[in-house]
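# Descriptive structure summary
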Amino acid sequence: MDVELANSRSAKRFTQRYAESVSQPKAQFFRKMGLDIIMARREGISFYDAQGKRYINCHCNGGVFNLGHRNPEIIAALTEALEKYDIGNHHLISAPKALLAEKLTDSMRVPGQKKDEEIRRVLFGSSGGEAIDLAIKIARGYTRRRDVVSLVGGYHGHTGLAVKAGDAKFLDPFNIDREGFVQIAFEDVSQLEAALARKPAAIILETIPATLGMPIISPGYMKKVRALCDAHGVVMILDEVQTGLGRTGKMWAYQHYDVSPDMVVTGKGLSGGIYPISATCFRQKFESVFEKDPFIHISTFGGAEVGCYAALRMLEIVNDREFLASVTKLSDFFSRECRALQNEFAALKEVRQLGLFMGLVFEDAASCLVFLKALISNGVFAVYAANDKRVLQFLPPLVTSEAEAAEIMRIVRQSLRDLGSIKNRLMKLVVSFMIG
Ligand SMILES: Cc1ncc(COP(=O)(O)O)c(C=O)c1O
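Presented here is an overview of the structure given in this document. (Residues numbered from 1 in each chain as written. Predicted model: local features only at pLDDT ≥ 70, side-chain atom pairs only at ≥ 80, totals over all residues. Heavy atoms only, no water.)

## Some remarks on the site of the ligand
Around the ligand, the neighbouring residues are Ser-127, Gly-128, Gly-129, Tyr-155, His-156, Gly-157, Glu-206, Asp-239, Val-241, Gln-242 and Lys-268. Side-chain polar atom of Gln-242 to an oxygen atom of the ligand: 2.9 Å apart, as the coordinates give it. Residues belonging to the shell around the ligand are distributed by class as follows: two nonpolar, six polar and three charged. (Near = heavy atom within 4 Å. Polar contact = N/O pair within 3.5 Å; in protein donor to acceptor, adjacent residues only side chain to side chain. Nonpolar A, V, L, I, M, F, W, Y, C, P; charged D, E, K, R; others polar.)

Below you can see the structure in the form of C-alpha cells.
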C-alpha cells in the first residue's frame, strides 16, 4: 500500500475513496482547511505525507506518540510477545495484566501513604473513553449516588458516560441527555463548593484540561477539590489520558500537586503508539463494587496480553529517573525559547506549560489558525484547542533530541514571522470574518 500511496495522484485517489467509504464531511473539512494529509512513512518524531513531505509531530495524538512513531523498543516488545501470546482470554487470570497493573500502581505510590488511600487496583480497557466510563461506573456503584461533576469545556471521550461529562455539541446531535451530569466553570471555587455539597458520586477533571486550552489548574484549587471530596464522600477521578506517562516530567501530572486522587485514568501513550490499551486505576476500597459479582464489568479487548507487553516496555522506558529528567531538561529549553518568542512577537500572548504539556496562546483565534497553517506548511504538525481556538496545543514527543528541539523552534519562529506577512495578514482578516 505504501508504494501506491507514494505519489500525489494515488493520494488524491485515496482521499476520494476515504470520502466515499469512510466520511464525506470529514474529507470535505480537511480539503477546505488544506489539511488533506495522508500519513505515509513514519519514524521517530516525524511522519511523511504521500509526497514525501516531512512533518515533525507536535500533536502526538495527545500523547499516543510520546515515544515517537514506531518506537523500535515497543516494536521489539510487541514482536517478542507475538511469538508467545495473543489477546488472551478476558475471563481468565492473566500474568501480563498482573505485571502491568503492578507497574502502574507502583508508579502511583506515595511514601508513607495510608494503605486505604493507595491506588492498588487496575482494570484495563482499549480506549480512554472506555476507561473513563468504568471510573464513573465504579464511583456510582461504590457511593450509590448518581451525579458526576465535570468542567465546562473539558473532554473525556465519546463513549456512553464519558461523553456526558463533555460538551453539549457531542450530545445534542445524538439526542443524548445530560441527566446525572453537572458542569462547573474552570477554577470557580464557589461553583465547586456548591456542586460537591450536593453530594454527587464523583468529580472528574483532566489534570490539565487540554481541549479547554491547557490552563494549568492552581495548586490551591486542586487541594480544594481533594478536601471537598473528603468532606462530602465524593470520588475524585483524574483523567490523565493526555497528561500522564511522563508528559509533564513526572510520571503523572497530579504528582506536581500535593494531592492523591481516588482514581486515575490513563490511555493514549500507554499504547506506545502501537497497540491500543487504557487503564482505570483506583483505590482498593472501590473493589467492593465487584465483590458480589466480579463479572459485572468486562472488556474483551481491554488489556489484551500482547498490548500489555508493549505497555510494560513503554512504562519501563518512561518510569525512569533519567528519562523523566531528560523530559524536564527539554521542557526548560522550550520554556526559554517560547518566552523569548513571546517578547519578540506581539501575537504570542502567553505560554502555558507543565513539562512538555504546552499551550501557545495567541491574541485571537484567527492568529492561532493562520499561525497553525504556516506551522504545518513549514513542517511541524500540531492542532489548536477545540474549546479555545486562541491556543495551539504544542506537544513535542518526549524523545525529541536537543537538535530536533532546536529545529522545531526554528520552524515555530519562522511561522511567527510568516504570520506577519501581508498575505497572512489578509488571510487573518478573512478567517476572523469566517469565525466571527
Ligand atoms: C483527556 C482525554 N480523556 C479521554 C479521552 C478519550 O480517549 P479515547 O479517544 O481513547 O477514547 C481523550 C481523547 O482525546 C482525552 O484527551
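## Topic: helix 4 (residues 72–84)
Side chains that are three or four residues apart share a direction in an α-helix, a result of its 3.6 residues per turn. Taking 1.5 Å as the rise per residue, helix 4 with 13 residues should run 18 Å; its terminal C-alpha atoms sit 19 Å apart, in good agreement. Those residues of helix 4 not exposed but buried are Ile-74, Ala-77, Leu-78 and Ala-81. The buried residues of helix 4 occupy an angular sector of 95° when the element is viewed end-on, so they sit on one face. Facing away from the buried surface of helix 4 by more than 90 degrees, the exposed residues are Pro-72, Glu-80 and Glu-83. Contacts made by the buried residues of helix 4 are with helix 9 (305–318). (Helix = DSSP H or I, 4+ residues; strand = E, 2+ residues; numbered from the N terminus. Expected span 1.5 Å × (residues − 1). Buried < 20%, exposed > 50% of the residue type's maximum accessible area, 1.4 Å probe, protein only. Arc of directions from axis to C-beta. Contact = heavy atoms within 4.5 Å.)

## Points about the sheet that holds strand 1 (residues 39–43)
Sheets are built from strands paired through backbone hydrogen bonds, the pairs being either parallel or antiparallel. Across the sheet, four strands lie side by side as 1-2-3-13; this open sheet has mixed pairing. Unpaired on one side and paired on the other, strand 1 and strand 13 (380–381) mark the two borders of the sheet. Where strand 3 (residues 54–57) meets strand 13, two bridges bridge the pair, whose relative direction is parallel. What sits directly across from Ile-56, in strand 13, is Val-380. Each of strand 3 and strand 13 is contacted by helix 12 (residues 402–419), which is oriented at about 105° to strand 3, the strand it contacts most. (Pairing = 2+ DSSP bridges. Axes fitted to C-alpha atoms, helices over the stretch in contact; angles between N-to-C directions.)

## Examining the sheet that holds strand 6 (residues 181–184)
Reading across the sheet, the seven strands line up as 4-10-9-8-7-5-6 and stay open at both edges, with mixed pairing between neighbours. Whereas interior strands pair on both sides, the edge strands pair on one side only; in this sheet they are strand 4 (119–125) and strand 6. The average undirected angle you get between the axes of adjacent strands in this sheet is 20°. Its contacts with the sheet place helix 6 (residues 128–143) against strand 4, strand 5 (148–151), strand 6, strand 7 (202–206), strand 8 (235–239), strand 9 (263–266) and strand 10 (278–283), and it is angled at close to 160° to strand 9. Of the strands in this sheet, strand 5, strand 6 and strand 7 are in contact with helix 7 (residues 189–197), which crosses strand 6 at around 160°.

## Topic: the side chain of Glu-305
Looking at the element boundaries, Glu-305 is found in helix 9. Of the side chains with opposite charge, Lys-97 lies nearest to the buried Glu-305, which makes no salt bridge, at 6.2 Å. Setting aside residues no more than four positions away along its own chain, Glu-305 makes contact with Tyr-85, Asp-86, Ile-87, Gly-88, Ser-94, Ala-95 and Pro-96. (Lys, Arg positive; Asp, Glu negative; His and termini not counted. Salt bridge = Lys/Arg side-chain N within 4 Å of Asp/Glu carboxyl O.)

## Structural notes on the nonpolar core
Counting 91 residues, the largest nonpolar core has Leu-104, Ile-203, Phe-334, Phe-362, Leu-392 and Phe-394 as the members making the most contacts within it. Leave out the neighbours within four places in its chain, and Leu-104 touches Val-122, Phe-124, Trp-252, Thr-266, Leu-270, Ala-279, Cys-281 and Leu-315. Within the second largest apolar cluster, 23 residues are counted, among which are Val-148, Phe-181, Ile-204 and Met-263. (Core = buried A, V, L, I, M, F, W, Y, C linked by side-chain atoms within 4.5 Å.)

## Some points on the environment of Ala-197
Along the chain, Ala-197 falls in helix 7. For Ala-197, a relative accessible area of 43% corresponds to the partly exposed category. Distance in space between the C-alpha atoms of Ala-197 and Ala-385 is 31 Å, their sequence separation being 188 residues.

## A short note on unusual backbone geometry
Phi is positive for Cys-60, close to 55°, though the residue is something other than glycine. Its location among the elements puts Cys-60 in the loop between strand 3 and helix 4. Cys-60 sits in the buried class, given a relative accessible area of 0%. Although it is not a glycine, Lys-268 adopts a positive phi angle of roughly 30°. With respect to the secondary-structure elements, Lys-268 resides in the loop between strand 9 and strand 10.

## Notes on the side chain of Ser-278
Looking at the secondary structure, you find Ser-278 in strand 10. Only 3.4 Å separates the side chain of Ser-278 from the backbone nitrogen of Ser-126, close enough to count as a polar contact.

## Details of the pattern of salt bridges
One side chain can pair with another of opposite charge once the charged atoms of both are near each other. Tallied over the full model, the rule gives 20 salt bridges. Salt-bridge contacts for Glu-43 lead to Arg-41; the nearest nitrogen and oxygen are separated by 2.6 Å. Residue Asp-262 is joined to Arg-226 by a salt bridge in which the shortest nitrogen-to-oxygen separation is 3.1 Å. On the criterion of sequence distance, the pair formed by Asp-262 in the loop between strand 8 and strand 9 and Arg-226 in helix 8 (residues 219–232) is long-range, its members being 36 residues apart. You'll find Asp-262 and Arg-226 in the same group, each marked buried.

## Focus: the packing of aromatic side chains
Summed over all chains, the structure comprises nine aromatic pairs. Note on Phe-29 and Phe-30: the rings are 5.3 Å apart at their centroids and 75° apart in plane angle, and the pair reads as edge-to-face. Judged by its relative accessible area of 33%, Phe-30 falls in the partly exposed class. With a centroid separation of 5.7 Å and an interplanar angle of 90°, the aromatic rings of Phe-334 and Phe-394 are classed as edge-to-face. Of this pair, Phe-334 sits in helix 10 (residues 321–344) while Phe-394 is found in strand 15 (residues 388–394), placing the two residues 60 residues apart along the sequence. Here Phe-334 matches Phe-394 in class, with each residue buried. The lysine or arginine in question, Arg-41, covers the ring of Tyr-48, its NZ or CZ lying 4.1 Å from the ring centre. (Phe/Tyr/Trp six-rings, centres within 6.5 Å; stacked < 30°, edge-to-face > 60°. Lys NZ or Arg CZ within 6 Å of the ring centre and 35° of its normal.)

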